[in-house]
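For reference, the chains in residue letters:
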Amino acid sequence: MAHRPKRTFRQRRAYSSDSDSAEEPSAEAGVPGEQANPAPAEEGPPPGGGRAEAAERRLRGRGPRGRGRGLVWASSRRATGAALRAGGGPDVPESRTVDISTDEDDETHHSSETKDNQSSSSDSSSSLEEEFSSIVNIPDAAFVQAARRKRELARAREDYISLDLKHTSTIPGVKKNSDEDSQSEPDDYEKRIPFTSKPQTLRQRMAEETTTRNEETSDESQEDENQDIWEQQQMRKAVKIITEGQDTDLSCCSESQTVKKFDTSISFPPVNLEIIKKQLNTRLTLLQDTHRSHLREYERYIQDIKSSKSTIQNLENSSNQALNFKFYKSMKIYVENLIDCLNEKIISIQEIESSMHALLLKQAMTFMKRRQDELKHESTYLQQLSRTAETSTNGSLAICEKTQWILEEIESRRTRRRQARALSGKCDHQEGTSSDEELSSADMTDFQKSQGDILQDHKKILEDVHDDFCNIQTILLKFQQWREKFPDSYYEAFISLCIPKLLNPLIRVQLIDWNPLKFDSVGLKQMPWFTSIEEFMDSSMEDSKKEDSSDKKILSVVINKTIIPRLTDFVEFIWDPLSTSQTTSLITHCRMVLEEHSTSENEVSKGKEDLLKSIVARMKKAIEDDVFIPLYPKSAVENKTSPHSKFQERQFWSGLKLFHNILLWNGLLPDDTLQELALGKLLNRYLLIALLNAILDPGVVKKCNQIAAYLPEKWFENSAMRTSIPQLENFIQFLLQSAHKLSKSEFRDEVKEIILTLVKIKALNQAESFIEEYHLDHLKSVIKEV
């Protein structure tokens, strides 16, 4: 479809500004076929008479086509009139005729474009043309040519500014110049009156809004400004995409386009051949350096490739690789089989361990319950005996059969122990210091039978296992071969951390029949697993001076993970702190374990802390549950052969025995802990009260000397000490009180024993005061010797 050519003249709105303003929006909107309502004409007839005005109104009512023709017609009239005035031609009516002819010529030119519109409204247009022809005379071709010549003369006089718009005429036989349809620049009074602001592009509108917003928000915080800048950037990005796709008509709407021009005022430094040569030489030098570095890298890569190829060739040609692979494969298979074997046997090991532990726990609970029951029945019997002696004259007492049987059983065991001591030559034994750990023949037979059954099952655990998988020495020999042949891979595999876990089940098998509470138990250092690990550690290829050697820690890890937990179980559930034999044997094993562990690893392990805590807790429980020293009237204990006196003596020496067993842990437990247990809880709370209520005699002095003998000498090694430790203050006061009483009686020889006791426990100030008070000058030499 052909497009209508652009108009050759600009519009003039001198006569009807209202109608033009009403028509301009519809033309700008670009909606074809929209018919604007005609606005009322301004007051006063236009020049040229009423008939021309009527014709103009009819043309305006013909829709967009008629409106366009009317506008063109008005512009042609102005242009022709100006040309005729310049040439001194016809008057105004003649110019109208020429204008109409020119308009008709343009109608003929656009007939091809408006063919459809004319065909759709042929009836209405024919009637209008008849009416129009009756009003206006249509000029002929000669007249039109004359008018065109006049316009060319006007262009030659520069009355118009050419727009260089070209199009060919549709009238045959008529030639048009290239600038025929150009439009001259209207005069100032003919310019379009801008009733609305010119349309702005999106960039211009955004820039204007940004400027306004920045002016309004100049006093806002920096955070709001940053947010606005970010939003503007995002909007500009979006607008840039939209603006690039817009039609070129948007750029034509701008009033003027600025063209950047080269600023000739800028001066550049002079350029000569030497400068160019110098820059080229610099560039050439840089390229040569880069090339040389690349060559060096290339040569290094070539050397690496050659070295890798030679290494690969050597490995391929080496005959030991097959043997190495065979060794690693055999070790892998061996370790897998060992793990499978241990996983299968671990359940049986745990069951037998539990059975042995339950048997020993049952025996320990039997001894503890029997001692508490006997103590309860004997104390009750003596209380009843005291009440009967006060209320009855005949002295007979009716007791139940169970109490009678328990008392007889207690006395029979004591008789057997006295006979055994007499045969062994121990005549200085005190009643109450022996451990009552005797079982009846039936109980002993039952215990031995159960223990034998467990040991038989213990032997069957590994009887179907080859020595390579159950002998610790053989297992360590395998890893020793690995360490000797391939030490790098051995240490990289952290075998020293794996060996304790592999040996743990096998060591537990050897510890099933091991009782650290028995005085004749085998020491850990004499066990096969201990010697095997020591030999493996001694044969290590690492530097022996290296303290943090990984293989040197194997034994400490085994002790920490396997031995200490087993000792902790014995302490918590089986150990009797009142038994000196059990305590001595336990201390022997704990000292070896803790000292060995401390020499191998400086930091305190959690297993060691748990063991020490369990020892302290068990001794506290023994003090609270097993120590009982009754207090009787002096009339009841004056006779040393009376049941009350014997029972009180036995209970005192039993408490003193526990006092000794607690202090045997000196060196393993902290001094503060031992002083709190032995002195604070036992001596001051039980033993000293019994001494204060006892009859003062040489026996009391003997007991005090025994207490001082049990105290560790390490506590009094400081030669500058003049006073003893604070926990012994009550004991020192009791010694001074006893010395004062004995000095006035016939037991003056015991006073020296008390002074020696004070000197031993470093109560030198109190001893000197007592010597000066009683003028015991012969004892000053004892203090001087200290």
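Here the structure is a predicted model, which means the values were calculated and not measured.

Looking at this structure, I do not really get unusual backbone geometry. What am I missing?
In this structure, Phe494 is a non-glycine residue whose phi angle is positive, near 55 degrees. As for its position among the elements, Phe494 is in the loop between helix H17 (487–492) and helix H18 (495–510). For Lys762, which is not glycine, the phi torsion reads 65 degrees and is therefore positive. Relative to the assigned elements, Lys762 resides in the loop between helix H28 (749–760) and helix H29 (764–773).

What's the story with the pattern of salt bridges in this structure? I'm lost.
For side chains bearing opposite charge, pairing can occur when the charged atoms are close. Applying the stated criterion across every chain yields a total of 17 salt bridges. Residue Asp464 pairs with Lys345 through a salt bridge whose shortest N-O separation is 2.9 Å. Note that Asp464 is positioned in the loop between helix H14 (441–460) and helix H15 (467–470) and Lys345 in helix H12 (residues 320–391), a separation of 119 residues in sequence. Note on Lys345: relative accessible area 13%, which makes it buried. Between Lys621 and Asp625 there is a salt bridge; the shortest N-O distance is 3.1 Å. Taken as a pair, Lys621 and Asp625 lie in helix H22 (residues 606–626) at a separation of 4 residues, close to a single helical turn. For Lys621, a relative accessible area of 41% corresponds to the partly exposed category.

Can you help me understand helix H26 (residues 698–710) in this one?
Structural remark: α-helix, 3.6 residues per turn; residues separated by three or four positions point the same way. For H26, which comprises 13 residues, the first-to-last C-alpha distance of 19 Å matches the rise-based estimate of 18 Å (1.5 Å per residue) to within 8%. Every buried residue of H26 is listed here: Val700, Val701, Lys703, Cys704, Ile707 and Ala708. Relative to the axis of H26, the buried residues are bounded by an arc of 160 degrees and lie together on one face.

Quick question: what am I supposed to make of the packing of aromatic side chains here?
Any two aromatic rings considered together are summarised by their centre-to-centre distance and by the angle between their planes. For the structure on display, the rule yields 12 aromatic pairs. Aromatic side chains Trp529 and Phe530 sit 5.5 Å apart centroid to centroid with 70 degrees between the ring planes, which places their arrangement in the edge-to-face category. For the residue pair Trp529 and Phe530, the accessibility class agrees, reading buried in each case. In this structure an aromatic cluster arises from ring pairing among Phe327, Tyr328, Trp482, Phe486, Tyr490 and Tyr491. Its guanidinium or amino end placed over the ring of Tyr301, Arg300 lies 5.7 Å from that ring's centre, counting from NZ or CZ. The ring of Tyr334 carries the charged tip of Lys478 above its face, separated from the ring centre by 5.2 Å.

How should I be thinking about the layout of surface pockets in this particular structure?
Using a probe with the size of a water molecule, rolled over the atoms, empty space left in the structure can be pinpointed. If you add up the space inside the second largest pocket, you get close to 1,200 Å³. Along the walls of the second largest pocket sit 50 residues, with Phe367, Ser435, Asp436, Glu437 and Gln582 positioned nearest its centre. When residues of the lining of the second largest pocket are traced back to their parent elements, those giving at least two are H12, helix H13 (401–424), H14, helix H21 (580–600), H22 and helix H24 (643–663). Counting residues per element, the lining of the second largest pocket draws most heavily on H12, at 12 residues. The class makeup of the residues in the lining of the second largest pocket is 18 nonpolar, 13 polar and 19 charged.

I would appreciate a short explanation of the nonpolar core in the present structure.
Soluble globular proteins tend to bury their nonpolar side chains together. Ranked by size, the top nonpolar core spans 124 residues in total, and within it Trp529, Phe659, Trp665 and Ile761 carry the most contacts. What Ile761 contacts, discounting residues up to four positions off in sequence, is Ala708, Leu711, Phe716, Ser724, Leu728, Phe731, Ile732 and Leu735. Ranked by size, the runner-up nonpolar core spans 7 residues in total, among them Leu385, Ala636, Val637 and Phe647.

Mind showing me how you'd approach the side chain of Ser532 here?
Summarising the element assignment, Ser532 is placed in helix H19 (residues 528–538). Among the residues examined, Ser532 registers a relative accessible area of 10% and is labelled buried. Ser532 has contacts with Ile472, Gln473 and Leu476, leaving out every residue within four places of it along the chain.

Could you clarify how one ought to interpret helix H20 (residues 554–573) in this entry?
Given a rise of 1.5 Å per residue, 20 residues ought to cover 28 Å, and the 29 Å separating the end C-alpha atoms of H20 matches this to within 8%. At Asn560, H20 shows its strongest bend, of approximately 35 degrees. Most of H20 is tucked away, with 14 of its 20 residues classed as buried.

I would appreciate a short explanation of the packing of H18 against H19 in the present structure.
Two packed helices can be described by the angle between their axes and the distance between those axes. Between H18 and H19, the shortest axis-to-axis distance is 10 Å and the interhelical angle comes to 155 degrees. The pairing of H18 with H19 is recorded here as roughly antiparallel in orientation. Along the contact surface, H18 presents Ile499, Leu503, Ile507 and Gln510, while H19 presents Pro528, Trp529, Ile533 and Phe536. Residue classes in the contact of H18 with H19 are distributed as 7 nonpolar, 1 polar and no charged.

I would appreciate a short explanation of the side chain of Thr568 in the present structure.
Locating Thr568 in the fold gives a position in helix H20. A polar atom in the side chain of Thr568 sits 2.8 Å from the backbone oxygen of Ile564. Every residue in contact with Thr568, bar those within four places of it in the chain, is listed here: Asp610, Leu611 and Ser614.

Rules used in this analysis
- Residues numbered from 1 in each chain as written.
- Predicted model: local features only at pLDDT ≥ 70, side-chain atom pairs only at ≥ 80, totals over all residues.
- Heavy atoms only, no water.
- Helix = DSSP H or I, 4+ residues; strand = E, 2+ residues; numbered from the N terminus.
- Salt bridge = Lys/Arg side-chain N within 4 Å of Asp/Glu carboxyl O.
- Buried < 20%, exposed > 50% of the residue type's maximum accessible area, 1.4 Å probe, protein only.
- Expected span 1.5 Å × (residues − 1).
- Arc of directions from axis to C-beta.
- Phe/Tyr/Trp six-rings, centres within 6.5 Å; stacked < 30°, edge-to-face > 60°.
- Lys NZ or Arg CZ within 6 Å of the ring centre and 35° of its normal.
- 1 Å grid on protein atoms, 1.4 Å probe; cavity = no way out; pocket = protein on both sides within 12 Å on 5 of 7 lines; lining within 4 Å.
- Points joined across faces, edges and corners; volume = space filled by probe spheres on them.
- Nonpolar A, V, L, I, M, F, W, Y, C, P; charged D, E, K, R; others polar.
- Core = buried A, V, L, I, M, F, W, Y, C linked by side-chain atoms within 4.5 Å.
- Contact = heavy atoms within 4.5 Å.
- Bend = angle between axes of the 7 residues up to and from the residue.
- Axes fitted to C-alpha atoms, helices over the stretch in contact; angles between N-to-C directions.
- Parallel < 35°, antiparallel > 145°, perpendicular 65-115°, else oblique.
- Polar contact = N/O pair within 3.5 Å; in protein donor to acceptor, adjacent residues only side chain to side chain.

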